[in-house]
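# Summary of the model geometry
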Amino acid sequence: AVVSSRCQNKPAGFVQKLSEMQVKMLVTNNALLPSEEERSSRPWMWPVNWEGLWFALSHEHGGVYFLGNPVIFWTNLVMIFVLLLINVRQAYSQLRVRELPYNEGELYRTNWYLFGYLLHYVPFYLMGRVLYFHHFYSAFIFNCMLTGAVVELLLARCSSVLVAMRIRCAFLLVILLSFIAFAPLAYGLPVNEDRQTYGYIKWFKWLDTWAF
């Protein structure tokens, strides 16, 4: 059989190009192995904010320590388990043909945030390449949206609008205060205990694995 030149030169379709690109990215990424002196991290460390990462470290000028806000990170982690419990209770109510405790549409949309989080986080466990803390931040965005949605799911069951609003304000206040407290780390501000320049940050070293 003779194959026409038109068939031989047929351009690859979108799906084929996409799959080829993903395979090449996977192969290339797995080839990025850490050197002996290089410090990397593992995916299980990221959600618990186990340790940070030094950038531009020097004996003369110090360096910038990259660490997530632990209040937000740990709250996000708790909210994942809360969402799982909410789904269990919702499913139990459906089996018992009872009134659903949570809005079905809102819960469905919140579960999509969980799916997005897992989609951007779980694949790192399959990678052999060198990994850093900042690789978690694409999943972290979904985790933050999940936290806000879970809070709203819980507050929707509150009988008092005033109480629900007070809880929202308290929640936002805690986030704001934690942001102010950890701002020197977030923005790489100079920390000098002798000159009392953001020296208070030492009191926020809650884990021994934090190296600031």
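Basis of the calculations
- Residues numbered from 1 in each chain as written.
- Predicted model: local features only at pLDDT ≥ 70, side-chain atom pairs only at ≥ 80, totals over all residues.
- Heavy atoms only, no water.
- Helix = DSSP H or I, 4+ residues; strand = E, 2+ residues; numbered from the N terminus.
- Buried < 20%, exposed > 50% of the residue type's maximum accessible area, 1.4 Å probe, protein only.
- Contact = heavy atoms within 4.5 Å.
- Areas by Shrake-Rupley, 256 points an atom, 1.4 Å probe, with all protein chains shown as cover.
- Axes fitted to C-alpha atoms, helices over the stretch in contact; angles between N-to-C directions.
- Parallel < 35°, antiparallel > 145°, perpendicular 65-115°, else oblique.
- Left-handed = near helix turned anticlockwise from the far one by under 90°.
- Nonpolar A, V, L, I, M, F, W, Y, C, P; charged D, E, K, R; others polar.
- Phe/Tyr/Trp six-rings, centres within 6.5 Å; stacked < 30°, edge-to-face > 60°.

Bringing the overall build of the chain into the picture now. A tally of regular secondary structure across the chain gives seven helices and two strands. Along the chain direction, N to C, the helices and strands of the chain fall in the order α-α-β-β-α-α-α-α-α. A buried classification covers 27% of the 212 residues belonging to the chain. Within the chain, contacts between residues separated by at least 24 positions form 62% of all contacts whose residues are at least 6 apart in sequence. Total accessible area on the chain stands at roughly 14700 Å², and carbon and sulfur atoms take up 65% of it.

So, on to the packing of helix α3 (residues 70-95) against helix α4 (residues 104-121). Close contact between α3 and α4 brings their axes to 11 Å; oriented N to C, the two are set at 140°. With respect to each other, α3 and α4 are oriented oblique. Here α3 runs over α4; the crossing is left-handed. The residues of α4 that touch α3, namely those facing I80, L83, L84, I86, N87, Q90 and Q94, are E104, L107, T110, N111, L114 and Y117. Within the contact of α3 with α4, the residues separate by chemical class into seven nonpolar, five polar and one charged.

What follows deals with the packing of aromatic side chains. One pass over the structure, following the stated rule, counts 25 aromatic pairs. Consider the rings of Y117 and F136, whose centres lie 6.2 Å apart with planes at 90°: the pair is edge-to-face. Taken together, the positions of Y117 in helix α4 and F136 in the loop between α4 and α5 (137-155) put the pair 19 residues apart, joining distant regions of the chain. Residue class for Y117 comes out buried when judged on its relative accessible area of 4%.

Shape descriptors only; they carry no functional weight alone.
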